[in-house]
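Structural overview
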Amino acid sequence: MDLRIPAGIEMDAYPGDLEQIFSNLIMNSIRHGFGAGGGGIMIDARQMQEQVEIIYQDDGAGIAPELHRKVFEPFYTTKLGQGGSGLGMFIVHNLAHGVLKGDIKLDSECGKGVTFTLTVPAVTP
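We now turn to the structure provided with this report. Only a predicted model underlies this, so the values are computations on that prediction, with no experimental measurement involved.

As for the packing of helix 1 (residues 15–33) against helix 2 (residues 88–99)
- Look at helix 1 against helix 2: their axes get within 9 Å of each other, and the N-to-C directions meet at 150°. With respect to helix 2, the element helix 1 is oriented roughly antiparallel. Here helix 1 runs over helix 2; the crossing is left-handed. Every residue of helix 2 that contacts helix 1 at Asp17, Gln20, Ile21, Asn24, Leu25 and Asn28 is listed here: Gly88, Met89, Ile91, Val92, Leu95, Ala96 and Val99.
- Tallied by class, the residues present in the contact of helix 1 with helix 2 amount to eight nonpolar, four polar and one charged.

Right, dumping it as structure tokens:
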């Protein structure tokens, strides 16, 4: 894992909810993106005035563009019956939008990994 988070970023948010978001993103990379050989994860962040942007990337299998709209739906999984509940990314979406009052966007294509961009207020309302 490559962390590129500079010193000086300040947030007043819910650390447990941020932990849950990253736990789900990392587990999805492991379960869905990486093969037996593993893969790499990079997390970057920057402060933009009153918001913090956190970029999560992996170099895994990626997600076909036609599936992007389904990723945040409840119970959508490509691993049904193999340990996947389909709730991880639904939880990520709900925490980002509902609790943290921010946004999360997906950018990916097959064979090129995934990028999730989480943008949240530096001070959660």
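Now that the structure is up, let's keep going.
Considering helix 2
- An ideal rise of 1.5 Å per residue puts 16 Å on twelve residues; helix 2 measures up with 16 Å between its terminal C-alpha atoms.
- Considered for burial, the residues of helix 2 that qualify are Gly88, Met89, Val92, Leu95 and Ala96. Seen end-on, helix 2 carries its buried residues on one side only, within an arc spanning 125°.

Quick word on the side chain of Thr115
- Along the chain, the position of Thr115 falls in strand 5 (residues 114–121).
- Accessibility expressed as a relative area gives 17% for Thr115, which makes it buried.
- Engagement of the side chain of Thr115 in a polar contact is seen with the side chain of Gln57, the distance being 3.2 Å.
- Not counting the four nearest positions on each side in its chain, Thr115 is found in contact with Ile55, Tyr56, Gln57, Lys105, Leu106 and Asp107.

Rules used in this analysis
- Numbering of residues begins from 1 in every chain and follows the order in which that chain's sequence is written.
- Only residues with pLDDT of at least 70 are given local features in this predicted model, and only at 80 or more are side-chain atom pairs given and counted; all residues enter the totals for whole chains, interfaces and linings.
- With hydrogens and water set aside, each side-chain value is computed from the structure's full complement of heavy atoms.
- Axis angles are defined between N-to-C directions and span 0 to 180 degrees, where every axis is a line fitted to C-alpha atoms and, for a helix, only to the segment in contact.
- We count a stretch as a helix when DSSP gives it H or I for four or more residues in a row; a strand needs E for two or more, and each element gets its number in order from the N terminus.
- When describing relative orientation, an angle under 35 degrees is termed roughly parallel and one over 145 degrees roughly antiparallel, while 65 to 115 degrees is termed roughly perpendicular and anything else oblique.
- In this scheme the crossing of two helices becomes right-handed for a clockwise turn of the near helix relative to the far one and left-handed for an anticlockwise turn of less than a right angle.
- Throughout, a residue-residue contact means that at least one pair of heavy atoms, one from each residue, lies within 4.5 Å.
- Amino acids outside the nonpolar list (Ala, Val, Leu, Ile, Met, Phe, Trp, Tyr, Cys, Pro) and the charged list (Asp, Glu, Lys, Arg) are all regarded as polar, and Gly is one of them.
- Multiplying 1.5 Å by the helix residue count minus one yields the expected span of that helix.
- Accessibility here uses a 1.4 Å probe with only protein chains present; expressed as a share of the type maximum, an area under 20% marks a residue as buried, one over 50% as exposed, and anything in between as partly exposed.
- As used here, the arc belongs to the directions running from the helix axis to the C-beta atoms.
- In protein, a polar contact means a hydrogen-donor-capable atom and an acceptor-capable atom, both N or O and within 3.5 Å, with residues adjacent in sequence counting only if both atoms are side-chain atoms; elsewhere, any N or O pair within 3.5 Å suffices.

Read these as layout, nothing more, since geometry by itself doesn't imply function.
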